[in-house]
Amino acid sequence: MSLNTWHRVKVSRTGLQGVLEVDDQSLAQGLSKGAYTQLTLLQPLFIGGHPDFDITSKHLNQSTSFQGCIQKVQSTVNNLSLCMHIHV
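Account for the overall build of the protein, naming residues and giving values.
A tally of helices and strands in the protein yields zero helices and five strands. Mapped from its N terminus to its C terminus, the protein presents α and β elements in the order β-β-β-β-β. Per-residue burial for the protein yields a buried fraction of 7% across its 88 residues. The contacts in the protein between residues at least 6 apart in sequence include a share of 7% that link residues at least 24 apart. With the model as given, the accessible surface of the protein reaches about 8300 Å², and the carbon-plus-sulfur share is 55%.

Requested: an account of a nonpolar patch on the surface, with residues and values cited.
A grouping of Met 1, Val 9, Val 11 and Leu 20 is seen on the molecular surface, where their side chains present a nonpolar patch of about 420 Å² in accessible area. With respect to the helices and strands, the residue Leu 20 is situated in strand E2 (residues 17-22).

Can you explain the environment of Leu 31? Please cite residues and give values.
In this structure, Leu 31 sits in strand E3 (residues 28-31). The exposed category is assigned to Leu 31, whose relative accessible area is 65%. A C-alpha to C-alpha distance of 9.8 Å links Leu 31 and Thr 14, two positions 17 residues apart in sequence. Not counting residues up to four positions away in its chain, the partners in contact with Leu 31 are Leu 16 and Gln 17.

Quick one: what's the story with the environment of Asp 23, residue by residue and with numbers?
Looking at the element boundaries, Asp 23 is found in the loop between E2 and E3. On the basis of relative accessible area, Asp 23 is assigned to the partly exposed category, the value being 33%. Residues Asp 23 and Met 1 lie 22 residues apart in sequence; the distance between their C-alpha atoms is 9.4 Å. The residues touching Asp 23, leaving out its near neighbours within four places in the chain, are His 7 and Arg 8. Engagement of the side chain of Asp 23 in a polar contact is seen with the side chain of His 7, the distance being 2.5 Å.

Cut-offs used in this document
Residues numbered from 1 in each chain as written. Predicted model: local features only at pLDDT ≥ 70, side-chain atom pairs only at ≥ 80, totals over all residues. Heavy atoms only, no water. Helix = DSSP H or I, 4+ residues; strand = E, 2+ residues; numbered from the N terminus. Buried < 20%, exposed > 50% of the residue type's maximum accessible area, 1.4 Å probe, protein only. Contact = heavy atoms within 4.5 Å. Areas by Shrake-Rupley, 256 points an atom, 1.4 Å probe, with all protein chains shown as cover. Patch = residues over 30% accessible without salt bridge, like charges linked within 9 Å, V, L, I, M, F, W, Y side chains within 5 Å. Salt bridge = Lys/Arg side-chain N within 4 Å of Asp/Glu carboxyl O. Polar contact = N/O pair within 3.5 Å; in protein donor to acceptor, adjacent residues only side chain to side chain.

What follows is the structure, encoded as structure tokens:
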């Protein structure tokens, strides 16, 4: 990905099928393990990072946060669009 330019990233999930779209690149797809087809959050949802990676899932295999700007986060749940503008 090129630096110092905006990119469009879209993440979606239907059942166990997950899809990642970045700009006009080929889709990345995969299946979630297990039988859960819904997102159940037991903790707050963090986008771009987490304040304490020691308490996140070890399957995440991540220890650093996103570096950059997030301009807009938009979510659709049951055909209802939820939009958040983030300015840091």
